[in-house]
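A closer look at the structure
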Number of protein chains: 2
Amino acid sequence: MNIDEKRTAIIFKALCDENRVKILKLLGTGEKCACKILEELNVTQPTLSHHMKILCDSEIVFGRKEGKWMYYSISERGADQAKEILNELTVINGEDCNCCK
Amino acid sequence: MNIDEKRTAIIFKALCDENRVKILKLLGTGEKCACKILEELNVTQPTLSHHMKILCDSEIVFGRKEGKWMYYSISERGADQAKEILNELTVINGEDCNCCK
DNA sequence: GCAACAAATAGATATTTGTCAATGTGTTTT
DNA sequence: AAAACACATTGACAAATATCTATTTGTTGC
């Protein structure tokens, strides 16, 4: 696989904000509606909406609309992709560098 | 494991910038000195230094000094920790939310 | 259609981040 | 010791980000 840097940055942006990590932890107990997530965080509704967008852009979180509610859950597919990229980026293939010795 | 949100954000900050992803890809072929990495990126030396600090703060990258050179490599330990956190954050344990139904 | 509700969008603002030029620090070489 | 080199730190600045208030959009129930 050849990793796209821009896409990788978008994916892991999901995980580099405290509130978004909290949201993922909440989603770990299963699908949640936005209103429920909002209760658990100390942010306004628009701020939550902003974070949910970033999480969905990463594809680690999946959102579905049902009537006037939005339900969010962790996407196994998206999570697996993030894991695969993390694996690829941290595998060590080569030799030590002697360029400066 | 109970995941610390602040620490998690610091760890994954390593992966949410294009240049840092490029650096990780370079380190995938083994330990490299800063000067070699600098050749491959379109940034100045202080900018590289800044990125290397963020990568080392995440502990995904390890730096060692040898004389006037800095050698960087991927830390298996740090990478494993990032993988473990990503796993924990994307495992689904619970039931679907019925709170709004 | 209208009121009530849930979520998204727009606009404003403070903070954080990525970047560079200039300078400082520590090491090697002459 | 002085010069050269590799890297870190500082300070400045523009761009991106997180947050809020106000408003808009879309859905439900009267």
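Residues numbered from 1 in each chain as written. Chains lettered and ligands numbered in written order. Predicted model: local features only at pLDDT ≥ 70, side-chain atom pairs only at ≥ 80, totals over all residues. Heavy atoms only, no water.

Attention now moves to the sheet that holds strand 3 (residues 69–74) of chain A. Residue and element names in this part refer to chain A. Judged by pairing direction, the sheet is antiparallel, and its 3 strands sit side by side in the order 1-3-2 without closing on themselves. Edge positions in the sheet fall to strand 1 (32–33) and strand 2 (61–66), since each has one partner strand and no second. With 6 bridges connecting them, strand 2 and strand 3 associate as antiparallel partners. In the sheet register, Gly-63 faces strand 3, and the bridge partner there is Tyr-72. (Pairing = 2+ DSSP bridges. Helix = DSSP H or I, 4+ residues; strand = E, 2+ residues; numbered from the N terminus.)

This paragraph deals with the protein's contact with DNA strand D. Taken together, 23 residues lie around DNA strand D, and Lys-13, Thr-47 and His-51 of chain A together with Gln-45 and Ser-49 of chain B are the ones closest in. Considering the 4 Å shell around the protein, atoms of DNA strand D inside it are sugar or phosphate in 70% of instances. Note that a sugar or linking oxygen of DNA strand D is positioned 3.2 Å from one of the backbone N or O atoms of Lys-68 of chain B. Those elements giving two or more residues to the surface near DNA strand D turn out to be helix 2 (18–27) and helix 4 (45–58) of chain A together with helix 3 (34–40), helix 4 (45–57) and strand 3 (69–74) of chain B. Per-element accounting of the surface near DNA strand D gives the leading share, 5 residues, to helix 4 of chain A. Of the residues in the surface near DNA strand D, the class split is 9 nonpolar, 8 polar and 6 charged. (Near = heavy atom within 4 Å. Polar contact = N/O pair within 3.5 Å; in protein donor to acceptor, adjacent residues only side chain to side chain. Nonpolar A, V, L, I, M, F, W, Y, C, P; charged D, E, K, R; others polar.)

With a phi close to 70°, Glu-59 of chain A is a non-glycine residue in the positive phi region. Assignment of secondary structure puts Glu-59 of chain A in the loop between helix 4 and strand 2.

On to the protein's contact with DNA strand C, then. Gln-45 and Ser-49 of chain A together with Lys-13, Thr-47 and His-51 of chain B are the nearest of the 22 residues found near DNA strand C. Of what DNA strand C places within 4 Å of the protein, 70% of the atoms are sugar or phosphate. With respect to DNA strand C, the backbone of Met-70 of chain A contributes an N or O atom lying 3.2 Å from a phosphate oxygen. Counting only elements with at least two residues in the surface near DNA strand C, the list comes to helix 3 (34–40), helix 4 and strand 3 of chain A together with helix 2 (18–27) and helix 4 of chain B.

Further remarks concern the relation of the copies chain A and chain B. Rotating chain A by 180° and moving it 0.0 Å along the rotation axis overlays it on chain B with an RMSD of 0.0 Å. One copy is carried onto the other by what is essentially a two-fold rotation axis. Among all residues of chain A, the minimum C-alpha distance to the rotation axis is found for Phe-12 of chain A, at 3.1 Å. (Least-squares fit on C-alpha atoms with pLDDT ≥ 70 in both.)

Our next topic: the pattern of salt bridges. Evaluated as defined, the whole model comprises 12 salt bridges over all chains. Arg-7 of chain B is paired through a salt bridge with Glu-59 of chain B; the nearest N and O atoms lie 3.4 Å apart. Taken together, the residues span a long stretch of sequence, with Arg-7 of chain B in helix 1 (residues 5–13) and Glu-59 of chain B in the loop between helix 4 and strand 2 (61–66) at a distance of 52 residues. Of the charged contacts in the structure, one is a salt bridge between Glu-31 of chain B and Arg-64 of chain B, with a shortest N-O distance of 2.7 Å. Taken together, the residues span a long stretch of sequence, with Glu-31 of chain B in the loop between helix 2 and strand 1 (32–33) and Arg-64 of chain B in strand 2 at a distance of 33 residues. A relative accessible area of 8% places Glu-31 of chain B in the buried class. Connected via shared salt-bridge partners are Glu-31, Arg-64 and Glu-66 of chain A. (Salt bridge = Lys/Arg side-chain N within 4 Å of Asp/Glu carboxyl O. Buried < 20%, exposed > 50% of the residue type's maximum accessible area, 1.4 Å probe, protein only.)

All names here are of chain B. Reading across from one edge, 1-3-2 is the order of the 3 strands in this open sheet, with antiparallel pairing throughout. Bordering the open sheet on either side are strand 1 and strand 2, each of which pairs with just one other strand. Taken strand by strand, helix 4 contacts strand 2 and strand 3, and its axis lies near 120° from that of strand 2. (Contact = heavy atoms within 4.5 Å. Axes fitted to C-alpha atoms, helices over the stretch in contact; angles between N-to-C directions.)

Below, the discussion takes up the environment of Ile-3 of chain A. Relative to the elements of secondary structure, Ile-3 of chain A occurs in the segment before helix 1 (5–13). It is 27 Å that separates the C-alpha atoms of Ile-3 of chain A and Gly-28 of chain A, two residues lying 25 residues apart in sequence. Setting aside anything within four residues of it in sequence, one finds Ile-3 of chain A in contact with Thr-8, Ile-85, Glu-88 and Leu-89 of chain A together with Val-21 and Lys-25 of chain B.

At the junction of the two partners, chain A supplies 48 residues and chain B supplies 48 residues. For the chain A and chain B pair, buried surface summed over both sides reaches about 4,100 Å², with 67% attributable to carbon and sulfur atoms. Inspection of the region where chain A meets chain B yields 2 salt bridges. The partner of Glu-5 of chain A in a salt bridge is Lys-25 of chain B, and the shortest N-O contact between them spans 2.9 Å. Taken together, the links from chain A to chain B amount to 8 residue pairs in polar contact (both at pLDDT 80 or more). Mapped onto the side of chain A that touches chain B, the elements with two or more residues apiece are helix 1, helix 2, strand 1, helix 3, strand 2, strand 3 and helix 5 (76–90) of chain A. (Buried area = accessible area lost by both parts, 1.4 Å probe.)

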